[in-house]
Amino acid sequence: MRTAYSVETVRAAERELMARLPEGALMQRAAAGLAAACADVLGRVYGSRVVLLVGSGDNGGDALYAGARLARRGAGVRAVLLAPGRAHAGGLAALRRAGGSVAEAGASGVRLVEQADLVVDGIVGIGGKGGLREEAVPWAEAARRGRGVVVAVDLPSGVDADTGEVRGAAVRADVTVTFGAYKPGLLIDPAREYAGVVRFVDIGLGLGPVGGAGAGVRAGAGAAQVEALQHADVARLLPVPAAESDKYRRGVVGIAAGSARYPGAAVLAVAGALRGGAGAVRYVGPAGGAVLARHPETLVSERGPARAGRVQAWVVGPGAGDDAATVGEVLAADVPVLIDADGLRLAEVGAVRGRGARGVPTLMTPHAGEAAALLGVEREVVESGRLAAARELAGRYGAAVLLKGSTTVVAEAGGGGAVRVNPTGTPWLATAGSGDVLSGLGGSLLAAGLSAVDAGSVAAYLHGLAGRFAAEGAPASAEDVAGRIPEAWRSVVRAPAARG
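Residues numbered from 1 in each chain as written. Predicted model: local features only at pLDDT ≥ 70, side-chain atom pairs only at ≥ 80, totals over all residues. Heavy atoms only, no water.

Draft legend 1. Highlighting the pattern of salt bridges. Taken as a whole, this structure holds 23 salt bridges when the rule is applied. The partner of Asp160 in a salt bridge is Arg167, and the shortest N-O contact between them spans 3.4 Å. Here Arg167 falls in the partly exposed class, since its relative accessible area comes to 46%. In this structure, Glu383 engages Arg379 in a salt bridge whose closest nitrogen and oxygen atoms are separated by 2.8 Å. One end of the pair, Glu383, and the other, Arg379, are both in helix 16 (residues 379–384), four residues apart, so they sit about a helical turn from each other. Owing to a relative accessible area of 34%, Glu383 belongs among the partly exposed residues under this scheme. Salt bridges sharing partners connect three or more residues here, namely Lys129, Asp160, Asp162, Glu165 and Arg167. (Salt bridge = Lys/Arg side-chain N within 4 Å of Asp/Glu carboxyl O. Buried < 20%, exposed > 50% of the residue type's maximum accessible area, 1.4 Å probe, protein only. Helix = DSSP H or I, 4+ residues; strand = E, 2+ residues; numbered from the N terminus.)

Laid out in structure tokens, this is it:
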């Protein structure tokens, strides 16, 4: 499991380590890793043109020391000092001793950036808040216009390390070399889009990029703020039937979805559930004919959720229209419930919180627009602050929240703990009905006994892989995505790391 830590936690780990190391040793470790990554990007270091954009902090010092290492290997290295009087003195001296130099900060410096083979962003470190200062913006724009590869030091300047927010101009990097621990902003949009390819350099902080699956760490000092599952983690969580299993032991999921206007939502939710490992799927709603025509193995009932028969979990809401009565009936059940689409609008806060008070899991799966409506804010607020929005919604409803989008995040009920970030997916998943498939898949995992956070995380992971397999660089329908879920499942359990 990939883990990301807050700035406060990283800073504390740095202070503890620096107290045990010779002065400047930690910066030299970071600079060595940064220089190695830059050399890999360049391919041929000798004769290459490198420009360092250097701010006033240790981030700029890392860039200067790395630049000195590249200069000793024959690169032509020039440093643009955005705060000349406050540049890291030791790093600047090292660069000059290695044959590097300081560039003019005017138009000629801008041309150097545009013509460089590699631009190193050492303007602002992980403690920066808000966008770039006005004087730094032209340099970021020049780096973007230029032909060279842009490498960010620890984090692209101008993005928020803790939240992934971008509140102004920021450097758009092709590669980010991060030290000691991943930062949440490297894994969450919109900041993730600015980071490019992220390379991790271990400098001995003891935090590391990987933690144990299911560790259940709590948010706070020393704890991971963000987690991202990998194949091995998902493989350990996937339900596997035993020799004595029957359909009830494997889990039966109920689907209360669809309407006369939206029968397809029911068909797609059932498709996701059937391919999600459930022993059986019960459908309740007005689209029974359409469901049976596509999925004859479905158990269809016209008697309402409470009289549909035994289930271990419910999915309610996809294409439900204004059927508040069915949503209320499902929420009254003492089994896990996944609420999606129209169900989110129709679910009363008190009813959802009451389920949590009874110890019955609930998983809500809004997209940004639905989350914004529930929180009473503009959609842009949710999209620019996905971590905060998911946590706030989870706290308000006392339910786990899977916030869909370019970065899908899953927050624990109540909003505490580490937030899961889904690393799989493709922009082609932004298609009608894709969320219905995800709901059915998540519901089947709830019925199999996974916790709400695990069910949401695993469903998002498999759904994202299925989307990649279905698209393969071209448009794919929601039905295509549902059909590739078994392939995604097999790819996870057959991966070498998953097999141990």
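After that view of the structure, there is still more to cover.
Draft legend 2. Fine view of the nonpolar core. The biggest cluster of nonpolar side chains holds 103 residues, and the ones touching the most others in it are Leu34, Val50, Leu52, Val120, Trp314, Ile339 and Met364. Broken down by element, this core gets its largest block of residues, 10 residues, from helix 2 (residues 25–42). With residues up to four places along the chain from it excluded, the contact list for Val120 reads Leu34, Cys38, Val50, Val51, Leu52, Leu53, Ala63, Val151 and Val153. Ranked by size, the runner-up nonpolar core spans 55 residues in total, among them Val281, Leu441, Ala460 and Ile485. (Core = buried A, V, L, I, M, F, W, Y, C linked by side-chain atoms within 4.5 Å. Contact = heavy atoms within 4.5 Å.)

Draft legend 3. Looking closely at empty space enclosed by the protein. Under the criterion given, the structure shown has one cavity of 30 Å³ or more. Its boundaries defined by the atoms lining it, the largest cavity holds a volume of some 50 Å³. What lines the largest cavity is simply Glu227, Ala228, Leu229, Val410, Arg420, Val421, Asn422, Pro423, Ser457 and Tyr461. For the lining of the largest cavity, the elements supplying multiple residues, two or more each, are strand 9 (226–228), strand 18 (419–421) and helix 19 (452–471). Across the lining of the largest cavity, the residue classes tally to six nonpolar, two polar and two charged. (1 Å grid on protein atoms, 1.4 Å probe; cavity = no way out; pocket = protein on both sides within 12 Å on 5 of 7 lines; lining within 4 Å. Points joined across faces, edges and corners; volume = space filled by probe spheres on them. Nonpolar A, V, L, I, M, F, W, Y, C, P; charged D, E, K, R; others polar.)

Draft legend 4. Helix 15 (residues 368–375), seen in detail. Of all eight residues in helix 15, six are buried, a share of seventy percent or more. Within helix 15 the residues assigned to the buried category are Ala368, Glu370, Ala371, Ala372, Leu374 and Leu375. Check the buried side of helix 15 and you find it contacts helix 13 (342–346), strand 15 (362–364), helix 16, helix 17 (386–397) and strand 16 (400–403). Looking at the residues trailing helix 15, positive phi occurs at Gly376, about 75°.

Draft legend 5. The arrangement of the environment of Ala173 in detail. The residue Ala173 is located in the loop between strand 6 (149–153) and strand 7 (175–179) in this model. When its relative accessible area of 6% is taken as the criterion, Ala173 is described as buried. Not counting chain neighbours up to four residues away, the residues in contact with Ala173 comprise Val150, Ala152, Pro156, Tyr194, Ala195 and Gly196.

Draft legend 6. How the structure looks around the sheet that holds strand 2 (residues 49–54). What the seven strands build is an open sheet, ordered 4-3-2-5-6-7-8; its pairing is parallel. Lying at the two open borders of the sheet, with one neighbouring strand each, are strand 4 (101–102) and strand 8 (197–201). The pairing of strand 3 (residues 76–81) with strand 4 spans two bridges and is parallel. Note that in strand 4 the partner of Ala79 across the bridge is Val102. Docked against the sheet, helix 3 (residues 58–72) engages strand 2, strand 3, strand 5 (118–122), strand 6 and strand 7, running at close to 165° with respect to strand 2. (Pairing = 2+ DSSP bridges. Axes fitted to C-alpha atoms, helices over the stretch in contact; angles between N-to-C directions.)

Draft legend 7. Broad picture of the pairing of strand 10 (residues 252–256). Along strand 10, five of the five residues are buried, which leaves the element largely enclosed by surrounding structure. A two-sided burial pattern is seen for strand 10, the buried positions comprising Val252, Gly254 and Ala256 on one face and Val253 and Ile255 on the other. Taken together, strand 10, helix 10 (residues 263–274) and strand 11 (residues 280–284) constitute a β-α-β crossover, and its handedness is right-handed. With four bridges connecting them, strand 10 and strand 13 (residues 313–316) associate as parallel partners. Directly across from Ala256, in strand 13, lies its bridge partner Val316. (Right-handed = clockwise from strand over helix to strand, strands pointing away.)

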